[in-house]
Amino acid sequence: MVEVNWKGDMVFEAIPPTGNRFTMDAYPEEGVASKGPTPVEALLSSLAACTAMDVIDILRKKRQTVTSYRIEVDGVRGPEGVYPRPFLSLTVRHIVKGENVDPAAVKRAVELTRNTAR
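All of these numbers come straight from a predicted model, not from anything done at the bench. In every chain, residue numbers begin from 1 and rise along the written sequence. Totals for whole chains, interfaces and linings use all residues, but because this is a predicted model, local features are given only for residues with pLDDT of at least 70 and pairs of side-chain atoms are given and counted only at 80 or more. Values reported for side chains reflect all heavy atoms of the structure, with hydrogen atoms and water molecules removed beforehand.

**Let's talk about helix H1 (residues 39-61)**
Counted at 1.5 Å a residue, the expected span for H1 with its 23 residues is 33 Å, and the 33 Å between its end C-alpha atoms agrees. Regarding H1, the residues found buried are Ala42, Leu44, Ala48, Thr51, Ala52, Val55, Ile58 and Leu59. Starting at the N terminus, helices and strands are each numbered in turn, a helix being any DSSP run of H or I of at least four residues and a strand any DSSP run of E of at least two. Downstream of H1 by one or two residues, Arg63 has phi in the positive range, about 60°. Under the convention used throughout, the expected extent of a helix is 1.5 Å for every residue step, that is, one less than its residue count. Relative accessibility decides the category of a residue: with a 1.4 Å probe and only protein chains considered, values under 20% of the type maximum give buried, values over 50% give exposed, and everything between is partly exposed.

Encoded structure:
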């Protein structure tokens, strides 16, 4: 269970089972610093990190020497001002570099991750 507590304004603190708390906030207004990512940013970041952990684990098992790995996630949502604003599509790009990394191994790792996420 994850607990989320309101801290005032549009600030919320999440307390996951690990106890590693983090703060989420709305987009910053001009001249006002944000106290953390927006919930949507946290959601997309979580998707990327969860996928990355699976992919890197699979690539390690395939004995691939990865030296750099980046994931980019783009989400297209419904029009602003209309709520709720669900995601209409998500695009996940994997950028993997390493010593003699086999593109087929990367492709298969991503496929395996996508199949388990359904």
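Next comes the rest of the write-up.
**Observations concerning the nonpolar core**
Nine residue types can take part in a nonpolar core, namely buried Ala, Val, Leu, Ile, Met, Phe, Trp, Tyr and Cys, and a core is a set of them joined through side-chain atoms within 4.5 Å. Core analysis: the biggest nonpolar cluster contains 8 residues, these being Val55, Ile58, Leu59, Val101, Ala105, Val106, Ala109 and Val110. If you list the elements that add at least two residues to this core, you get H1 and helix H2 (103-116). Counting residues per element, this core draws most heavily on H2, at 4 residues. What makes two residues a contact is simply this: any of their non-hydrogen atoms within 4.5 Å. Each residue touching Val106, except ones within four places of it in the same chain, is listed here: Leu59, Val96 and Val101.

**Observations regarding the environment of Arg85**
Topologically, Arg85 is positioned in the loop between strand E4 (65-77) and strand E5 (87-99). Ignoring sequence-local partners within four residues, the contact set of Arg85 consists of Arg77, Gly78, Pro79 and Glu80. In protein, a polar contact means a hydrogen-donor-capable atom and an acceptor-capable atom, both N or O and within 3.5 Å, with residues adjacent in sequence counting only if both atoms are side-chain atoms; elsewhere, any N or O pair within 3.5 Å suffices. At 2.9 Å, the side chain of Arg85 forms a polar contact with the backbone oxygen of Gly78.

**Some thoughts on the pattern of salt bridges**
Salt bridges are identified by distance alone: a Lys or Arg side-chain nitrogen within 4 Å of an Asp or Glu carboxyl oxygen. Across all of its chains, the model carries 7 salt bridges by this definition. One salt bridge in this structure joins Glu13 and Lys7, with 3.8 Å as the shortest N-O distance. The exposed category is assigned to Lys7, whose relative accessible area is 52%. A salt bridge links Lys61 to Asp57; the shortest N-O distance between them is 3.3 Å. A residue pair is termed a helical-turn pair when its members lie 3 or 4 positions apart in one helix, as Lys61 and Asp57 do in helix H1 at 4 residues. Overall, Lys61 belongs to the exposed group, its relative accessible area being 65%.

**Notes on unusual backbone geometry**
The peptide bond linking Tyr83 to Pro84 adopts the cis configuration, its omega dihedral lying at 0°. Along the chain, Pro84 turns up in the loop between E4 and E5. You will see that Asp9, though not glycine, has its phi angle at about 50°, which is positive. With respect to the helices and strands, Asp9 occurs in the loop between strand E1 (3-8) and strand E2 (11-15).

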